[in-house]
Amino acid sequence: MKKIFLIRHAKSSWDEPWLRDHDRPLAPRGLKAAPIMGKRLLKKEIFPDLIISSTAERAKETAILVAKELGTTNQKIVLESSLYHAPPSTYLKVIRQQPESIQTLFLVGHNPGMTDLIQNLGVDLDNLPTAGICGFTCLANTWKEFSKENSQLIFIDYPKKST
């Protein structure tokens, strides 16, 4: 059974306002939150076959910190420029292009596209907080078929949510 975990990047820093948005790193709060969420995935025994991250610095850092907590090598992290501020259709396109050998996929990206995708998949969610994770089971046999009709919510978690 295929599973996908949509991960919004952790809190980013605004300490250097001259940086391009794409180059903003994680804030201290984000540097703390991403490992916390990685530990929560570890506790649930959720390990990625592949992590696809936006090329934005804050997303890359989030992917690396989550992967580290899971004991996953950075070789499983692929950077995808199209995920930077992507609409839901782009996230779906990336998901549907994955090889069938991938059983558990992590996507690390941005709002509003990530929350919009979650809503399009039938989940009543106003906003996926920074470092938030929304997991789905894909009930179809192939990634190409991933859609609202054949996906089921597993959980939504975020740093300030009590576990």
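Scroll up to find the structure.
These numbers were taken from a predicted model, which means no experiment stands behind them. (Residues numbered from 1 in each chain as written. Predicted model: local features only at pLDDT ≥ 70, side-chain atom pairs only at ≥ 80, totals over all residues. Heavy atoms only, no water.)

1. Re the sheet that holds strand E2 (residues 50-54)
Part 1 of the reasoning: Read from one edge of the open sheet, 6 strands run E3-E2-E4-E1-E5-E6, paired in mixed fashion. Two strands in the sheet have a free side with no partner beyond their single neighbour: strand E3 (77-80) and strand E6 (151-157). Taking the axes of each pair of neighbouring strands and ignoring which way they run, one obtains an average angle of 20 degrees across the sheet.
Part 2 of the reasoning: In this structure, E2 lies alongside E3, joined through 4 bridges in parallel fashion. Note on E3: the bridge partner recorded for Ile-52 is Val-78.
Part 3 of the reasoning: In this fold helix H1 (residues 28-43) packs onto strand E4 (104-109), strand E5 (133-138) and E6, with an angle of close to 130 degrees to the strand it touches most, E6.
Part 4 of the reasoning: Packing of helix H3 (residues 88-96) onto the sheet brings it into contact with strand E1 (2-8), E2, E3 and E4, and relative to E4 it is tilted by some 150 degrees. (Pairing = 2+ DSSP bridges. Helix = DSSP H or I, 4+ residues; strand = E, 2+ residues; numbered from the N terminus. Axes fitted to C-alpha atoms, helices over the stretch in contact; angles between N-to-C directions. Contact = heavy atoms within 4.5 Å.)

2. Things to note about helix H2 (residues 57-70)
Given 3.6 residues per helical turn, the α-helix brings residues three or four places apart onto the same face.
Part 1 of the reasoning: The end-to-end C-alpha distance of H2 is 20 Å, a good match for the 20 Å that 14 residues give at a rise of 1.5 Å each.
Part 2 of the reasoning: Inspection of H2 places Arg-58, Ala-59, Glu-61, Thr-62, Ala-63, Leu-65, Val-66, Ala-67 and Leu-70 among the buried residues, and these make up the whole buried set.
Part 3 of the reasoning: Phi turns positive, to about 70 degrees, at Gly-71, one or two residues after H2. (Expected span 1.5 Å × (residues − 1). Buried < 20%, exposed > 50% of the residue type's maximum accessible area, 1.4 Å probe, protein only.)

3. Let's talk about the state of the cysteines
Part 1 of the reasoning: According to the stated counting rule, one finds 0 disulfides in the structure shown.
Part 2 of the reasoning: Residue Cys-134 stays outside any disulfide, its sulfur separated by 14 Å from that of Cys-138, the closest cysteine.
Part 3 of the reasoning: When its relative accessible area of 1% is taken as the criterion, Cys-138 is described as buried. (Disulfide = S-S within 2.5 Å.)

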